[in-house]
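Residue-level listing of the chains:
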Amino acid sequence: MADLVHAAYRSEESRRGWTTESHLVGGQRVDATMVRDLVAADDGVVLVLDAPKPGAGDAAAEPAVPLLACCHVERRERTAYVGMFAVRPALQGRGLGRRMLAAAEDQARAWSLTTLELTVLDHRPELLAWYERCGFALTGVRHPFPYGDDRFGLPQRPDLALLGMTKQLDPGGTA
């Protein structure tokens, strides 16, 4: 999963998709230890979409298929926070992101929560617009970028911030 997130945001491969932020932040976005911690945490789930495996043979003999998309959903007191949201760059624009977002919404509803929240780098207008098309709205909250913490990357500019966004869910709906 760390490889998928890196591919979607910070790698050379990310430049082929529209989610690249490598011009804003270099280095890693997440590492394997961070992913393991999220998977092991009691307050959230990691959702993945992987490609169908070719054939129905022995799973151990089948070649590894890279993950297509993923996201982490964290249960908070009143909201579900969506992070680590990534779609493989070569597959962007095919509805996989919306499928992952729908799965995150379903998870929030399973926890009886009706609000999703997330943050987006402030210098990413195309990504902000995509989330707005998906029903999210800016909250007006700006979170500081974690400068000095290399686990989250190496900022390429001094004025980065994370903008809060929320989406209200229909409690009875299913995506």
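These notes cover the structure that comes with them. Keep in mind that what you see is a predicted model, and the values were worked out from it rather than measured.

## A short note on the packing of aromatic side chains
Enumeration according to the criterion identifies five aromatic pairs in this entry. Measuring from ring centre to ring centre gives 6.1 Å for phenylalanine 85 and tryptophan 130, while their planes differ by 45 degrees; the resulting arrangement is tilted. Of the two residues, phenylalanine 85 is situated in strand β4 (residues 80-87) and tryptophan 130 in helix α4 (residues 125-133); the sequence distance between them amounts to 45 residues. Residues phenylalanine 85 and tryptophan 130 agree in their burial class; the two are buried.

## Looking at the nonpolar core
Soluble, globular proteins show a tendency: their nonpolar side chains are buried together. Counting 43 residues, the largest nonpolar core has Cys71, Phe85, Leu116, Tyr131 and Phe136 as its most contacted members. Dropping the residues within four chain positions of it, phenylalanine 136 is found in contact with Leu101, Leu116, Leu118, Tyr131, Met165, Thr166 and Lys167. Leu24, Val25, Leu121 and Leu162 belong to the second largest nonpolar core, which has six residues in total.

## Some points on the layout of surface pockets
Estimated volume of the largest pocket: approximately 810 Å³. Arg29, Tyr81, Gly83, Met84 and Phe152 are the residues nearest the centre of the largest pocket, which is lined by 29 residues in total. Counting only elements with at least two residues in the lining of the largest pocket, the list comes to α1 (2-9), α2 (32-40), β3 (67-75), β4, β5 (115-121) and α4. Of the residues in the lining of the largest pocket, the class split is 18 nonpolar, four polar and seven charged. Size it by volume and the second largest pocket reaches roughly 210 Å³.

Conventions and cut-offs
- Residues numbered from 1 in each chain as written.
- Predicted model: local features only at pLDDT ≥ 70, side-chain atom pairs only at ≥ 80, totals over all residues.
- Heavy atoms only, no water.
- Phe/Tyr/Trp six-rings, centres within 6.5 Å; stacked < 30°, edge-to-face > 60°.
- Helix = DSSP H or I, 4+ residues; strand = E, 2+ residues; numbered from the N terminus.
- Buried < 20%, exposed > 50% of the residue type's maximum accessible area, 1.4 Å probe, protein only.
- Core = buried A, V, L, I, M, F, W, Y, C linked by side-chain atoms within 4.5 Å.
- Contact = heavy atoms within 4.5 Å.
- 1 Å grid on protein atoms, 1.4 Å probe; cavity = no way out; pocket = protein on both sides within 12 Å on 5 of 7 lines; lining within 4 Å.
- Points joined across faces, edges and corners; volume = space filled by probe spheres on them.
- Nonpolar A, V, L, I, M, F, W, Y, C, P; charged D, E, K, R; others polar.

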